[in-house]
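These are the residues of each chain, in order.
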Amino acid sequence: MRTHIIAMGKWKKGPEKSLFETYGARMRPAPSLKELELRKKLSGQELKQAEAELLLNAVPTGAVIVALDERGKTLSSREFATKIENWQDQGRGDIVFIIGGADGLDESVRSRADLLISFGAMTWPHMLVRPMLAEQLFRASAILSGHPYHRD
């Protein structure tokens, strides 16, 4: 299963990017990261709708869509791994994780998602969510392969 992360905003050099790359390098194949930027000066609902169009247009056909959203489910690492395993067992070729902009996701993205997940009730900087997701993807692969990285 190919793993894609589609996110609003571009990296700047820093520890968040380095940490993302560290976890990505541990996975085979590494997840692809597509960064999107909106050049228009919009705000509010117009901004969310424009970002949604960019994000959804970047999703490969037939992909499982997992959107990171503050109103999503909180899953344990083992539950997260099981979800991924189930999609693999169904023969799904691609899984896409969507990280929206600072104002959150438009309802059009939320409604297209196969799963909405949250990293908890706290607010996280969007650039920090990327390495957090990469670590959980690596942890899920460790759980599914029986690697000792994850401890219950």
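Our structure is the block above this text.
Residues numbered from 1 in each chain as written. Predicted model: local features only at pLDDT ≥ 70, side-chain atom pairs only at ≥ 80, totals over all residues. Heavy atoms only, no water.

Draft legend 1. The arrangement of the environment of P131 in detail. With respect to the secondary-structure elements, P131 resides in helix α5 (residues 126-145). The sequence separation of P131 and S18 amounts to 113 residues, and the corresponding C-alpha distance is 8.5 Å. Among residues more than four places away in sequence, those in contact with P131 are W11, E16, L19, F20 and Y23. (Helix = DSSP H or I, 4+ residues; strand = E, 2+ residues; numbered from the N terminus. Contact = heavy atoms within 4.5 Å.)

Draft legend 2. Representation of the packing of helix α1 (residues 15-26) against α5. Here α1 crosses α5 at 20°, and the two axes come no closer than 8 Å. Overall, the two elements α1 and α5 adopt an arrangement that is roughly parallel. By crossing handedness, the relation of α1 to α5 is classed as left-handed. Note on element contacts: α5 touches α1 through M127, L128, R130, P131, A134, E135 and F138, opposite E16, L19, F20, Y23 and R26. (Axes fitted to C-alpha atoms, helices over the stretch in contact; angles between N-to-C directions. Parallel < 35°, antiparallel > 145°, perpendicular 65-115°, else oblique. Left-handed = near helix turned anticlockwise from the far one by under 90°.)

Draft legend 3. Region of the structure containing unusual backbone geometry. Cis geometry is found at the peptide bond from R28 to P29, where omega equals -10°. Relative to the helices and strands, P29 resides in the loop between α1 and β2 (32-36).

Draft legend 4. Broad picture of the nonpolar core. Counting residues in hydrophobic clusters, the biggest one holds 25 residues, and the most contacted among them are V66, F80, F97, L133 and L137. Sorting the residues of this core by element identifies β1 (2-8), α1, β3 (64-73), α3 (77-89), β4 (94-99), β5 (115-117) and α5 as the ones contributing at least two each. At seven residues, α5 tops the list of elements feeding residues into this core. Setting aside residues no more than four positions away along its own chain, F97 makes contact with T3, H4, I5, I6, V66, L68, F80, L133 and L137. The next biggest cluster of nonpolar side chains, apart from the first, holds 16 residues, and it includes M8, A52, V109 and L116. (Core = buried A, V, L, I, M, F, W, Y, C linked by side-chain atoms within 4.5 Å. Buried < 20%, exposed > 50% of the residue type's maximum accessible area, 1.4 Å probe, protein only.)

Draft legend 5. Looking closely at the sheet that holds β2. The parallel open sheet is built from five strands, whose spatial order is β2-β1-β4-β3-β5. A single partner strand is all that each edge strand has here, and the edge strands are β2 and β5. For this sheet the average axis-to-axis angle between neighbouring strands, irrespective of direction, equals 30°. Pairing of β3 with β4 involves five bridges; the strand directions are parallel. Paired with A67 across the bridge in β4 is I98. (Pairing = 2+ DSSP bridges.)

Draft legend 6. Molecular detail of the pairing of β4. By the criterion of burial, β4 is predominantly enclosed, with six of the six residues buried. Because side chains alternate across β4, one face comprises the buried residues D94, V96 and I98, and the other comprises I95, F97 and I99, equally buried. Note that β1 and β4 share six bridges and pair parallel. The partner of A7 across the bridge, within β4, is I99. The β-α-β motif built from β3, the intervening α3 and the parallel element β4 has right-handed crossover chirality. (Right-handed = clockwise from strand over helix to strand, strands pointing away.)

Draft legend 7. Region of interest: the pattern of salt bridges. Applying the stated criterion to the full structure yields seven salt bridges. A salt bridge links R130 to E35; the nearest nitrogen and oxygen atoms lie 2.7 Å apart. Taken together, the positions of R130 in helix α5 and E35 in strand β2 put the pair 95 residues apart, joining distant regions of the chain. Judged by its relative accessible area of 1%, R130 falls in the buried class. Relative accessible area serves as the criterion here: at 22%, E35 is assigned to the partly exposed category. The shortest N-O distance in the salt bridge between R110 and D69 comes to 2.6 Å. Of this pair, R110 sits in helix α4 (residues 107-112) while D69 is found in strand β3, placing the two residues 41 residues apart along the sequence. (Salt bridge = Lys/Arg side-chain N within 4 Å of Asp/Glu carboxyl O.)

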